[in-house]
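Examination of the molecular architecture
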Amino acid sequence: MATFEQGLLLGVLIGEGHFGGDGKQPQVTVRMHTRHAGLFSTLLDLCPGSKLYGPYEHGGRSYYQWMVRGKVLREQLVPQLDALPLQSIDDHVYERYMEMKQRYHL
């Protein structure tokens with residue numbers, strides 16, 4: 001992944017990402033308005049095997065949800081994020097990311 005693409009992915013995850021899981025498996029989720037469809041297309045290209053769900057309509061809001069789980073999370077996204085300076089950029093997001101990794105033994 002090129003430097004620009006790494007920065008784009010990291011920026012989106014810092015601003016909009018959720019690091020968690022369903023109790024059985026970890027997941028990284030980004031939920032944003034449908035007007036960001038082009039960005040979601042880019043995220044799918046940057047992280048092959050990730051999934052895009054929606055569009056959903058709820059409470060007058062229209063949104064997509066991008067998710068990374070399973071093998072794609074463990075073998076692609078986590079190594080990429082571990083190689084980036086997340087901790088020096090945003091302590092709060094880094095803590096959430098590390099909590100997900102610890103909880104799910106990544």
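Remember, it's a predicted structure, so these values are computed and weren't measured experimentally.

Definitions and limits used
- Residues numbered from 1 in each chain as written.
- Predicted model: local features only at pLDDT ≥ 70, side-chain atom pairs only at ≥ 80, totals over all residues.
- Heavy atoms only, no water.
- Salt bridge = Lys/Arg side-chain N within 4 Å of Asp/Glu carboxyl O.
- Helix = DSSP H or I, 4+ residues; strand = E, 2+ residues; numbered from the N terminus.
- Buried < 20%, exposed > 50% of the residue type's maximum accessible area, 1.4 Å probe, protein only.
- Phe/Tyr/Trp six-rings, centres within 6.5 Å; stacked < 30°, edge-to-face > 60°.
- Pairing = 2+ DSSP bridges.
- Axes fitted to C-alpha atoms, helices over the stretch in contact; angles between N-to-C directions.
- Contact = heavy atoms within 4.5 Å.

The next subject is the pattern of salt bridges. With the rule as written, the count across this model stands at one salt bridge. For Lys101, the salt bridge goes to Asp82, with nearest N and O atoms at 2.9 Å. Here the residue Lys101 occupies a position in helix H5 (residues 91–103), and Asp82 occupies one in helix H3 (residues 70–82), the gap between them amounting to 19 residues. Using a relative accessible area of 12% as the deciding quantity, one classes Lys101 as buried. Given a relative accessible area of 41%, Asp82 falls into the partly exposed group.

Another aspect to go through is the packing of aromatic side chains. Counting across every chain of the model gives three aromatic pairs. Summarising the aromatic geometry, the rings of Phe19 and Tyr97 are spaced 5.7 Å apart at their centres and angled 70 degrees between planes, so their arrangement reads as edge-to-face. Of this pair, Phe19 sits in strand S1 (residues 17–21) while Tyr97 sits in helix H5, and the two are 78 residues apart along the sequence. By relative accessible area, which is 7% here, Phe19 ends up buried.

Let's shift gears to the sheet that holds strand S2 (residues 26–33). Spatially, S1-S2-S4-S3 is the arrangement adopted by the four strands of the open sheet, whose pairing is antiparallel. Either end of the sheet is taken by a strand with one partner, and the two such strands are S1 and strand S3 (51–58). Averaged over all pairs of adjacent strands, the angle between strand axes in this sheet comes to 30 degrees, irrespective of strand direction. In this structure, S2 lies alongside strand S4 (residues 61–69), joined through seven bridges in antiparallel fashion. Across the sheet, the residue bridging to Thr29 is Met67, located in S4. Sitting on the sheet, helix H1 (residues 3–16) is in contact with S1, S2 and S4, with an inclination near 85 degrees to S2. Relative to the sheet, H3 contacts S1, S2 and S4, its axis offset from that of S4 by approximately 85 degrees.

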